[in-house]
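# Summary of structural features
Listed below are the residues making up each chain.
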Amino acid sequence: MATPFIAGLAIATAAMAGKYGIQAWQSFKARPPRPRSRRFYEGGFQPTMTRREAALILGVRESVAEDKVREAHRRVMVANHPDAGGSHYLASKINEAKDVMLRKSKNTGSAF
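Let me sum up the structure you'll find in this document. Everything numeric in this text was worked out from a predicted model, so none of it was measured. Going along each chain's sequence as written, the residues are numbered from 1 onward. A pLDDT threshold of at least 70 governs which residues receive local features in this predicted model, and a stricter bar of 80 or more applies before side-chain atom pairs are shown or counted, although totals over entire chains, interfaces and linings include all residues. Excluded from the side-chain calculations are hydrogens and water; all other atoms, namely the structure's heavy atoms, are used.

## Details of the overall build of the protein chain
Under the convention used in this document: Under the DSSP-based scheme used, a helix requires at least four consecutive residues in state H or I and a strand at least two consecutive residues in state E, with every element numbered from the N terminus. Every residue pair with non-hydrogen atoms within 4.5 Å of one another is taken to be in contact. The protein chains shown are the only cover counted for residues, whose accessible areas, like all others here, come from Shrake-Rupley with a 1.4 Å probe.
When its secondary structure is counted, the protein chain shows 4 helices and 0 strands. For the protein chain, the α and β elements follow one another from N to C terminus as α-α-α-α. The contacts in the protein chain between residues at least 6 apart in sequence include a share of 47% that link residues at least 24 apart. Here the protein chain displays about 8900 Å² of accessible surface, and carbon together with sulfur accounts for 58% of that area.

So, in structure tokens, the structure goes:
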């Protein structure tokens, strides 16, 4: 008498696990896709800014024309200007990135 009860209980448990497994798989497939590459640069600033870091800050490629660098600098500065509530530190890093990309860097660090 106990054997059919245990068999039924095992079948019911397997059915419930299968149901929740299918629901979990469907919700996993329905989630929005994540980009393979990160959009933002993670980590702090390097002691001396490189062209790679400057390009990441401005959102351009390392080998880009001067007018594109100026346009990107203007776009990033509008969003981070200290007069509009932005950070002085970030503004100095953005200016340093523009100088590195335009090869006008006089010093090796920001004002901070």
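## Notes on the environment of Arg61
As a reminder, the rule being used: Throughout this description, buried means an accessible area under 20% of the type-specific maximum (1.4 Å probe, protein chains only), exposed means over 50%, and partly exposed covers the range between.
Position of Arg61 relative to the elements: it lies in the loop between α2 (51-58) and α3 (66-80). Using a relative accessible area of 67% as the deciding quantity, one classes Arg61 as exposed. Spatially, the C-alpha atoms of Arg61 and Arg51 are 9.3 Å apart, while their sequence positions differ by 10 residues. Setting aside residues up to four positions removed in sequence, Arg61 forms contacts with Ala55 and Met101.

## Considering the packing of aromatic side chains
Heads up, the rule is: Side-chain rings of Phe, Tyr and Trp (the six-membered ring for Trp) are treated as a pair once their centres are within 6.5 Å; stacked means planes under 30 degrees apart, edge-to-face means over 60, and tilted covers the remaining angles. Lysine NZ or arginine CZ positioned within 6 Å of the ring centre and within 35 degrees of the ring normal marks a charge as sitting over the ring.
One pass over the structure, following the stated rule, counts 1 aromatic pair. The ring of Phe28 carries Arg31 above its face, with NZ or CZ at 4.1 Å from the centroid.

## Comments concerning the nonpolar core
Defined as follows: Among buried residues, the Ala, Val, Leu, Ile, Met, Phe, Trp, Tyr and Cys ones that are joined through side-chain atoms within 4.5 Å form a nonpolar core.
One finds Met49, Ala54, Leu58, Val60, Ile94, Ala97 and Met101 to be the most contacted residues of the largest nonpolar core, which totals 16 residues. Looking at this core, the elements with two or more residues in it are α2, α3 and α4 (88-101). Among the elements that line this core, the one with the most residues is α4, at 5 residues. Residues within four places of Ala54 in sequence aside, it is in contact with Met49, Ala97, Val100 and Met101.

## Section: a nonpolar patch on the surface
Which entries qualify depends on this criterion: Surface patches are drawn from residues lacking salt bridges whose relative accessible area is over 30%; two like charges belong together within 9 Å, two nonpolar side chains (Val, Leu, Ile, Met, Phe, Trp, Tyr) within 5 Å. The working definition used for a salt bridge is a side-chain nitrogen of Lys or Arg within 4 Å of a carboxyl oxygen of Asp or Glu.
A cluster of nonpolar residues, Phe5, Ile6 and Leu9, forms a patch on the protein surface that exposes about 350 Å² of accessible area. One can find Ile6 in helix α1 (residues 2-30). Judged by its relative accessible area of 54%, Ile6 is exposed.

## Considerations on the pattern of salt bridges
Inspection of the entire model under this criterion finds 2 salt bridges. Arg70 is the partner of Glu66 in a salt bridge, and the nearest nitrogen-oxygen pair spans 3.5 Å. Taken together, the positions of Glu66 and Arg70, both in helix α3 and 4 residues apart, correspond to about one turn of that helix. Glu96 is paired through a salt bridge with Lys93; the nearest N and O atoms lie 3.5 Å apart. Here Lys93 and Glu96 lie together in helix α4, a separation of 3 residues that amounts to about one turn. Lys93 shares its class with Glu96; the two are buried.

## Looking at α3
One turn of the α-helix equals 3.6 residues, which is why residues spaced by three or four share an orientation. Selection rule: One less than the number of residues in a helix, times 1.5 Å, gives the span that helix is expected to have. As used here, the arc belongs to the directions running from the helix axis to the C-beta atoms.
Along its 15 residues, α3 runs 21 Å from first to last C-alpha, staying within 8% of the 21 Å computed at 1.5 Å per residue. Listed as buried for α3 are Val69, Ala72, His73, Val76 and Met77. Here the buried residues of α3 occupy an arc of 130 degrees about the axis, which is enough to place them on one side. In α3, those exposed residues whose orientation departs by more than 90 degrees from the buried face are Arg74, Val78 and Ala79. Tucked into the core, α3 has its buried residues touching α2 and α4.

In short, shape yes, function no, at least from these values alone.
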